[in-house]
Amino acid sequence: MTVHDALVLGIETSCDDTAAAVVNGGTDVLSSVVSSQVDLHAMYGGVVPEIAGRAHLELLTPVIGEALGRAGVAGKDLHAVAATIGPGLIGSLLVGVSEAKALTLAWDLPFVGVNHLEGHLFAALLEHRGIRWPVAVLLVSGGHTLLVSMEGPGRYRLLGQTLDDAAGEAFDKVARFLGLGYPGGPAIERAAASGDPTAFAFPRALVGDGLDFSFSGLKTAVVHAVRGRPDAADQDIAASFQQAVVDVLVAKAAKAAVSVGARGVCLAGGVAANGALRRALTEACAQLGLPAYLPSLATCTDNAAMIAAAGWWQLEHLGPTALDAGADPNLRLPLLG
Ligand code: KG4
Ligand code: ZN
């Protein structure tokens, strides 16, 4: 068996999802198990780091067991164990990294520490073959909003990023303000489905101005709008807010694609599960004559298959990670030049 067929166990514990997956050769997903902690955090309206860390400790071993079982492989069949080393919540990251290192020692395997953001970029590669580079990637999650020119695996140029809140964070904060529940993205999307996206003219910050984003003013505009019209329907506010976010994200992704001569546009990160965003980006790409690479819904949000995929590539091209490499809550995407 060559490294191309290598079976990699991926482990993801950077935030509130405990996930493990077995992926063969970087693209063939044999199993992907995600145990969500949403119920544990919902009553607090957001992720509580101490609760997340403790829950990972309880859940990770059975989740790994289930991933191996579903894939029909044992530890001795694996070629590497890859785990997210950052960015994320330090207590949560440490659980996954420590378990991964312990397993590599027990099974005599290489350890691969994977950047969570790079994992999200690999998510698209899991499901789309024959991608022609470069692609413009819009990575929109709870903690990050990045526009990246991806020239191939491991080759990234940063084109733009948020100057304040991440797009997912804006969804979560507005949902909490409206009392729609946690996580906010799906709650806003559900409410927006029966609302009027033109009911409120919320700001599209920096829309004609470069490739950076800003969402904190939009959040404040929602608060003012609700206070000014307390009788307004949540559905209309949610739909108008969602439309404002989608308009800016899609306008900038299209502009980024043109600016780097991209041969396609990729969506990644939890917010990529949003139907309005997926539809608008697909339409914008059709107008540009470019393919839109949309990950399946399960691959958008945090999962370990994307970590195993990135880990497989990293092992093949950069080699294993030293066992004394620590988790880094502020790890950045490695950029070219
Ligand atoms: O990538 P992810 O699972 O975790 C991070 O790395 O942050 O992204 C989670 C974020 C949350 O902010 C969540 O509200 C948002 O993705 N999200 C959505 C949707 N599903 C998840 N935002 C908008 N619409 C959705 N359907
Ligand atoms: Zn993520």
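Residues numbered from 1 in each chain as written. Chains lettered and ligands numbered in written order. Predicted model: local features only at pLDDT ≥ 70, side-chain atom pairs only at ≥ 80, totals over all residues. Heavy atoms only, no water.

A. Representation of the sheet that holds strand β6 (residues 135-140). Pairing in this open sheet of five strands is mixed, and the strands run β8-β7-β6-β9-β10 from one edge to the other. Of all strands in the sheet, those bounded by a partner on one side alone are β8 (155-161) and β10 (292-293). Looking at chain direction, strand β9 (residues 265-268) and β10 are connected through two bridges and run parallel. Across the sheet, the residue bridging to Val 265 is Ala 292, located in β10. The strands touched by helix α8 (residues 234-259) within the sheet are β6, β7 (145-152), β8 and β9, with β6 carrying the most contacts at an inclination of about 155°. (Pairing = 2+ DSSP bridges. Helix = DSSP H or I, 4+ residues; strand = E, 2+ residues; numbered from the N terminus. Contact = heavy atoms within 4.5 Å. Axes fitted to C-alpha atoms, helices over the stretch in contact; angles between N-to-C directions.)

B. Region of interest: the coordination of the zinc ion (ligand 2). Note on the zinc ion (ligand 2): its protein donors are His 116 (NE2), His 120 (NE2) and Asp 302 (OD). The metal-donor distances range over 2.0 to 2.1 Å. Within one chain, the residues donating to the zinc ion (ligand 2) are spaced in sequence as H-x3-H-x181-D. Separated by 182 residues along the polypeptide, His 120 in helix α4 (residues 116-127) and Asp 302 in the loop between α10 (297-300) and α11 (305-317) bring together distant segments of the chain. Residues His 120 and Asp 302 agree in their burial class; the two are buried. (Donors = N, O, S within 2.8 Å, 3.2 Å for Na, K, Ca; no water. Buried < 20%, exposed > 50% of the residue type's maximum accessible area, 1.4 Å probe, protein only.)

C. Expanded view of the site of ligand 1. In the region of ligand 1, 19 residues are neighbours, and Gly 142, Asp 172, Gly 185, Glu 189 and Gly 270 sit closest. Here Gly 142 contributes a backbone N or O atom positioned 2.8 Å from an oxygen atom of ligand 1. For ligand 1, the protein covers 88% of the area, taking 560 Å² as the surface of the free molecule. Breaking the shell around ligand 1 down by element, the ones donating at least two residues are α4, α5 (167-178) and α6 (184-192). The residue makeup of the shell around ligand 1, split by class, is four nonpolar, 12 polar and three charged. Two domains share the shell around ligand 1, each providing at least three of its residues, namely domain 1 (3-121 + 300-317) and domain 2 (131-297). (Near = heavy atom within 4 Å. Polar contact = N/O pair within 3.5 Å; in protein donor to acceptor, adjacent residues only side chain to side chain. Areas by Shrake-Rupley, 256 points an atom, 1.4 Å probe, with all protein chains shown as cover. Nonpolar A, V, L, I, M, F, W, Y, C, P; charged D, E, K, R; others polar. Domains from an automatic or database assignment.)

D. Structural view of the pairing of β8. By the bridge criterion, six bridges tie β7 to β8 in an arrangement that is antiparallel. The residue bridging Met 150 from the neighbouring strand is Tyr 156, located in β8.

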